[in-house]
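# Structure at a glance
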Amino acid sequence: MKSIKARDIMTPKPRMIKPTQTVQEAAEIMKEEDFGVLPVGTPEAVIGVITDRDITVRVTATGKDASKTPVQDVMTKKFISCNETDEIEHAAELMRHHDVSRVMVLRFDKASNYEAITGIITMADLLRNKGDRHKSDKVLHELLKPAHLQKQPSAREVAMADATPEYEGCDI
C-alpha cells in the first residue's frame, strides 16, 4: 500500500494575513474562505497563526475592538508543523501529542535555507485522506491513542520547538 504524505491531503497555499492587519480583516477572510485559522506573516516567514478561537477568547471576550486590534496583538505565536513529505500518521501523532486540530505544512527550500508554509492539515483532512478506509482507521486510532502510548517527538521536532517562532503549545 502506498503511503499517503502530508502534501497529498493538505489544503495547499493557505491564505496569509499580515501581522499589522486588523482582527476584523482576519475574521472577514475566515468567513469568506470558510477557514478557522490563518497563518500570520509571509509563506517564507510565518510568525504565528490567528484562529477563530483567538478572536473569540482574546478579542470578543475581553471587549477589544476588532476593527482596531492588530492581528499581531492576539495571534498565537506557537504552532505545530510537519514536513510535506511526512506520512499522515505523523501529522495525526503531532495533533494528538500537542492536543491541536490543525498542523501547518512546511517545505524546506535548500536554495534559500528557509522553511516555507505550503499548506494546512486539519483533522477532517486526515480522516478523508483520499478515501482510503484502512488508512482512515489507522489515523483515527493514532488520534485517539492515550498520550502515554504516544511516540516521543523526534530530535528535529524538539529542535523546532526551541526555535523562534515556536512550533508547539498553541490554540490551533
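Scoring rules and cut-offs
Residues numbered from 1 in each chain as written. Predicted model: local features only at pLDDT ≥ 70, side-chain atom pairs only at ≥ 80, totals over all residues. Heavy atoms only, no water. Helix = DSSP H or I, 4+ residues; strand = E, 2+ residues; numbered from the N terminus. Buried < 20%, exposed > 50% of the residue type's maximum accessible area, 1.4 Å probe, protein only. Contact = heavy atoms within 4.5 Å. Areas by Shrake-Rupley, 256 points an atom, 1.4 Å probe, with all protein chains shown as cover. Pairing = 2+ DSSP bridges. Axes fitted to C-alpha atoms, helices over the stretch in contact; angles between N-to-C directions. Salt bridge = Lys/Arg side-chain N within 4 Å of Asp/Glu carboxyl O.

## Some words on the overall build of the protein chain
Across its full length, the protein chain carries eight helices and six strands. In the protein chain, the order of α-helices and β-strands from amino to carboxyl end is α-β-α-β-β-α-α-β-α-β-β-α-α-α. Here the protein chain, with 172 residues, has 46% of them falling under the buried criterion. Within the protein chain, residue pairs in contact and separated by at least 24 positions form 63% of the contacts whose partners lie at least 6 positions apart. Just so you have it, the protein chain exposes about 9400 Å², and 51% of that area is on carbon and sulfur atoms.

## What about helix H5 (residues 88–98)?
The element H5 is largely enclosed, with a buried count of nine among its 11 residues. Buried within H5 we find Ile88, Glu89, His90, Ala91, Ala92, Glu93, Leu94, Met95 and His98. Following H5 by one or two positions, Asp99 adopts a phi angle in the positive range, close to 55°.

## So, the sheet that holds strand S1 (residues 11–12)
Ordered by their spatial adjacency, four strands build an open sheet running S1-S6-S5-S4, and the pairing between neighbours is mixed. With one partner strand each, in any of the chains shown, S1 and strand S4 (81–83) form the two edges of the open sheet. Here S1 pairs with strand S6 (residues 114–122) via two bridges, running antiparallel. Across the sheet, the residue bridging to Pro12 is Gly119, located in S6. Each of S4, strand S5 (102–109) and S6 touches H5; the most contacted strand, S4, lies at about 165° to it.

## As for the pattern of salt bridges
Evaluation of the coordinates by the stated rule reveals six salt bridges. The shortest N-O distance in the salt bridge between Asp52 and Arg102 comes to 3.7 Å. With Asp52 in helix H3 (residues 52–60) and Arg102 in strand S5, this pair connects stretches of sequence that are 50 residues apart. For Asp52, a relative accessible area of 38% corresponds to the partly exposed category. Its relative accessible area of 13% is what places Arg102 among the buried residues.

## Topic: unusual backbone geometry
Although it is not a glycine, Asp34 adopts a positive phi angle of roughly 60°. Looking at the secondary structure, you find Asp34 in the loop between helix H2 (23–33) and strand S2 (37–42). The phi dihedral of Asp99 is positive, around 55°, even though this residue is not glycine. Within the secondary structure, Asp99 sits in the loop between H5 and S5. On the accessibility criterion, Asp99 (68% relative accessible area) is exposed.

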